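If you want the building blocks of each chain, they are given just below.
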Amino acid sequence: MTDTLGTPGDSGEPGKLGKPGSAGDAGTPRGTSGGNPGEARGAGAPVLSLRGVSKRYGAVQALSDVDLDVHPGEVVALVGDNGAGKSTLIKVIAGVGPPDGGRITWEGRQVAIPRPHEAQSLGIATVYQDLALCDNLDVVANLFLGRELRRGLLLDEVGMEKQATELLTTLSVKIPSVRIPVASLSGGQRQTVAISRSLLGEPKVVMLDEPTAALGVEQTAQVLDLIERLRERGLGVILISHNMDDVLAVADRIAVLRLGRNNGVFDVRTVTREELLAAITGATDNAVSRRQARKSGEQGGGGQDGGEQGGGEQSGGAQDRGEQL
Ligand SMILES: Nc1ncnc2c1ncn2[C@@H]1O[C@H](COP(=O)(O)OP(=O)(O)OP(=O)(O)O)[C@@H](O)[C@H]1O
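What you are looking at is a predicted structure, and each value in this text was computed from that prediction instead of being measured. (Residues numbered from 1 in each chain as written. Predicted model: local features only at pLDDT ≥ 70, side-chain atom pairs only at ≥ 80, totals over all residues. Heavy atoms only, no water.)

Undergrad: Sorry, what's going on with the overall build of the protein chain here?
TA: From N to C terminus, the protein chain includes nine helices and twelve strands. Taken over 325 residues, the protein chain has a buried fraction of 53%. Pairs at least 24 residues apart make up 67% of the contacts formed inside the protein chain by residues separated by at least 6 positions. Within the structure as shown, the protein chain displays about 14100 Å² of accessible surface, and the carbon and sulfur contribution to it stands at 50%. (Helix = DSSP H or I, 4+ residues; strand = E, 2+ residues; numbered from the N terminus. Buried < 20%, exposed > 50% of the residue type's maximum accessible area, 1.4 Å probe, protein only. Contact = heavy atoms within 4.5 Å. Areas by Shrake-Rupley, 256 points an atom, 1.4 Å probe, with all protein chains shown as cover.)

What follows is the structure, given as C-alpha cells:
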C-alpha cells in the first residue's frame, strides 16, 4: 500500500535542520541545528539520544551511523522509503535487535538496551503495527494483560476496571464500554486501546509503528488526537508513518532515514512536502515529485501557486488527505 520511491541521487534540502546533533551533545536543546527552542514543543534536553548507531543483518547494512533525539513532550516522526531502516531503528530502541555500534543515551546517561526488558525498565514502550490484542478479551483484560491487579489470589476486577476507565477518560479515548470484547471495536478504537495499554507502565517514550495504517479518516483522527494527548502528558513519541498528512498533522519534527542513514531532520512548521519527498527519495526530480507538481499546477491553474519549491505543494495542504509517503 505504500509507493516505492527509490530514486537515486542527492538533494539540497532547504528546510533541513541537519543531523540531530554532533556526537556528545545530547544536551543540546531540541538537538538540531536549526530549531527555535523558544517556540518549540519538547524543548530542553532529550530524554533519548542515539549517536552513530549501526546495525547489520548479514550482508545488509540496515543502519549506518544514525543519530536521533527525542525530547519530552515531542512527537518525532520517523519516515523513509521501504527498507530505509525505520523498523530496525525501532527494534534497536526497543531492545529487540541491539545495535552493532553507536551510543544510546537515556536521560543523559549512556545505556545498553540488549533486551525488551531493559527498554521497559527505562520507560520505553512500543506499540507494534500488529497490535497484539486478544480479540476475545474485553478492554480491561487487554489493558492489564500480563500485569493484572490482584487482591490476594483473586484478580482485582473492580480495581482494574476503575483504573482502565480513568486512563481512557484522561486520554479522551471513546469506546462504548470497557467491558466489551476488543473484537467488537473499530480499528481506530483498537489502536487507541493498544496505545493506552502501553501507558500503564508509565513510559517516558512511546514508539508507534504505523498506528494509522489501514484506518479510515475518522479513526485516524481519533489516533492522532491520542498522540496529541501523549505529547500533552510530556511523553516523547516516535511515530513511524508512511502517511505524509498524518506526519504533518501531528509531528513536531520529522527525521528522515534513507538507505539506513540520516537524511535530514525537519521542523514540521517550515518543511514542505517537496522537501520531505526529496529527502525520502534522495532526489527532487522523480515520478512522485513530478506528479505532485503536476497536481498542484492543475489545482492552482498555473503552476506558481504551489510555492517556490519547484511547483510543489506546501506542507499542511488538505487536498491530498491520505497520500502516502
Ligand atoms: N531480520 C532481517 N534479516 C535480514 N535483513 C533485514 C532484516 N530486517 C531488516 N532487514 C533489511 O534491513 C533493511 C532495513 O529494513 P527495515 O525493515 O528496517 O526498513 P523499514 O524502513 O522499516 O521499511 P518498511 O517501511 O518497508 O517497513 C532492509 O534492507 C531490510 O531488507
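So much for the structure itself; the text now carries on.
Undergrad: In this structure, what is going on with the nonpolar core? I would like to understand it.
TA: Note on soluble globular proteins: their nonpolar side chains tend to be buried together. Val-139, Ile-227, Leu-230 and Ile-254 are the most contacted members of the largest nonpolar core, which has 49 residues in total. At five residues, helix α6 (residues 217-232) tops the list of elements feeding residues into this core. Taken together, domain 1 (1-123 + 203-325) and domain 2 (132-201) each give at least three residues to this core, which thus spans both. Aside from chain neighbours lying at most four places away, what touches Ile-254 is Ala-77, Val-79, Val-247, Leu-248, Gly-264, Val-265, Phe-266, Val-268, Val-271 and Leu-276. Judged by nonpolar contacts, the second largest core, of 30 residues, contains Val-47, Leu-48, Ile-124 and Met-207. (Core = buried A, V, L, I, M, F, W, Y, C linked by side-chain atoms within 4.5 Å. Domains from an automatic or database assignment.)

Undergrad: I would appreciate a short explanation of the site of the ligand in the present structure.
TA: All residues adjacent to the ligand are Tyr-57, Val-60, Ala-62, Asp-81, Asn-82, Gly-83, Ala-84, Gly-85, Lys-86, Ser-87, Thr-88 and His-242. Lys-86 places a side-chain nitrogen or oxygen 2.8 Å from an oxygen atom of the ligand. The contact in question runs from an oxygen atom of the ligand to an N or O atom on the side chain of Thr-88, over 2.5 Å. Among the elements of the structure, β2 (60-70) and α1 (86-94) are those that each provide at least two residues to the shell around the ligand. Ranked by residues supplied to the shell around the ligand, first place goes to α1 with three residues. (Near = heavy atom within 4 Å. Polar contact = N/O pair within 3.5 Å; in protein donor to acceptor, adjacent residues only side chain to side chain.)

Undergrad: What is the right way to read helix α4 (residues 157-170) from this model?
TA: Helical geometry note: an α-helix holds 3.6 residues per turn, so side chains three or four residues apart project in the same direction. An ideal rise of 1.5 Å per residue puts 20 Å on 14 residues; α4 measures up with 20 Å between its terminal C-alpha atoms. Buried residues of α4: Gly-159, Met-160, Ala-164, Leu-167 and Leu-168, and no others. Down the axis of α4, the sector holding all buried residues measures 150 degrees, keeping them to one side. Across from the buried face of α4, at angles greater than 90 degrees, the exposed residues are Val-158, Lys-162, Thr-169 and Thr-170. Elements that come into contact with the buried residues of α4 comprise α3 (139-143), β8 (154-155) and α5 (187-199). (Expected span 1.5 Å × (residues − 1). Arc of directions from axis to C-beta.)

Undergrad: Is there a simple way to think about the sheet that holds strand β4 (residues 101-106) in this case?
TA: Where strands meet in a sheet, backbone hydrogen bonds hold them as pairs that are either parallel or antiparallel. Strand order in the open sheet formed by four strands is β2-β1-β4-β5, with antiparallel pairing between adjacent strands. If you trace the sheet from one side to the other, it starts and ends with β2 and β5 (109-111), each paired once. For this sheet, the mean inter-axis angle between neighbouring strands, taken without regard to orientation, is 30 degrees. The strands touched by α1 within the sheet are β1 (48-57), β2 and β4, with β1 carrying the most contacts at an inclination of about 115 degrees. (Pairing = 2+ DSSP bridges. Axes fitted to C-alpha atoms, helices over the stretch in contact; angles between N-to-C directions.)

Undergrad: Honestly, the layout of surface pockets in this entry has me stumped. Any pointers?
TA: To find leftover empty space, a probe the size of one water molecule is rolled over the atoms. If you add up the space inside the largest pocket, you get close to 410 Å³. Contributing to the lining of the largest pocket are 18 residues, with Gln-120, Ala-125, Thr-126, Arg-147 and Ser-198 lying nearest its centre. Elements with a minimum of two residues in the lining of the largest pocket: α2 (116-122), β6 (124-127) and α5. Counting residues per element, the lining of the largest pocket draws most heavily on β6, which supplies four residues. The residue inventory of the lining of the largest pocket, partitioned by class, reads twelve nonpolar, four polar and two charged. (1 Å grid on protein atoms, 1.4 Å probe; cavity = no way out; pocket = protein on both sides within 12 Å on 5 of 7 lines; lining within 4 Å. Points joined across faces, edges and corners; volume = space filled by probe spheres on them. Nonpolar A, V, L, I, M, F, W, Y, C, P; charged D, E, K, R; others polar.)

Undergrad: Would you take a moment to explain the sheet that holds strand β11 (residues 253-258) for this structure?
TA: The strand order across the open sheet formed by six strands is β6-β9-β10-β3-β11-β12, and the pairing between neighbours is mixed. Both edges of this open sheet fall to β6 and β12 (261-267), since each of them pairs with a single strand only. Each neighbouring strand pair of the sheet contributes to a mean axis angle of 20 degrees, computed without reference to strand direction. Pairing of β11 with β12 involves five bridges; the strand directions are antiparallel. Bridge pairing in β12 links Arg-253 to Asp-267.

Undergrad: What is the right way to read the pattern of salt bridges from this model?
TA: Opposite charge on two side chains allows them to pair when their charged atoms are near. The full count for this structure, using the stated rule, is 15 salt bridges. The salt bridge partner of Lys-162 is Glu-166, with a shortest N-O separation of 3.4 Å. Highlighted residues: Lys-162 and Glu-166, both in helix α4, separated by four residues, approximately one helical turn. Exposure remark for Glu-166: the relative accessible area of 42% places this residue in the partly exposed category. Among the charged side chains, a salt-bridge network with shared partners connects Asp-138, Glu-157, Glu-161 and Arg-179. (Salt bridge = Lys/Arg side-chain N within 4 Å of Asp/Glu carboxyl O.)

Undergrad: Quick question: what am I supposed to make of the environment of Ile-240 here?
TA: Inspection of the secondary structure assignment puts Ile-240 in strand β10 (residues 236-240). Using a relative accessible area of 2% as the deciding quantity, one classes Ile-240 as buried. Considering only alpha carbons, one finds Ile-240 and Ile-254, 14 residues apart in sequence, at a separation of 9.9 Å.

Undergrad: Quick question: what am I supposed to make of unusual backbone geometry here?
TA: Keep in mind that most residues, glycine aside, have a negative phi and that most peptide bonds are trans. You will see that Ser-172, though not glycine, has its phi angle at about 55 degrees, which is positive. By secondary structure assignment, the location of Ser-172 is in the loop between α4 and α5. Ser-172 gets classed as partly exposed once you look at its relative accessible area, which sits at 37%.

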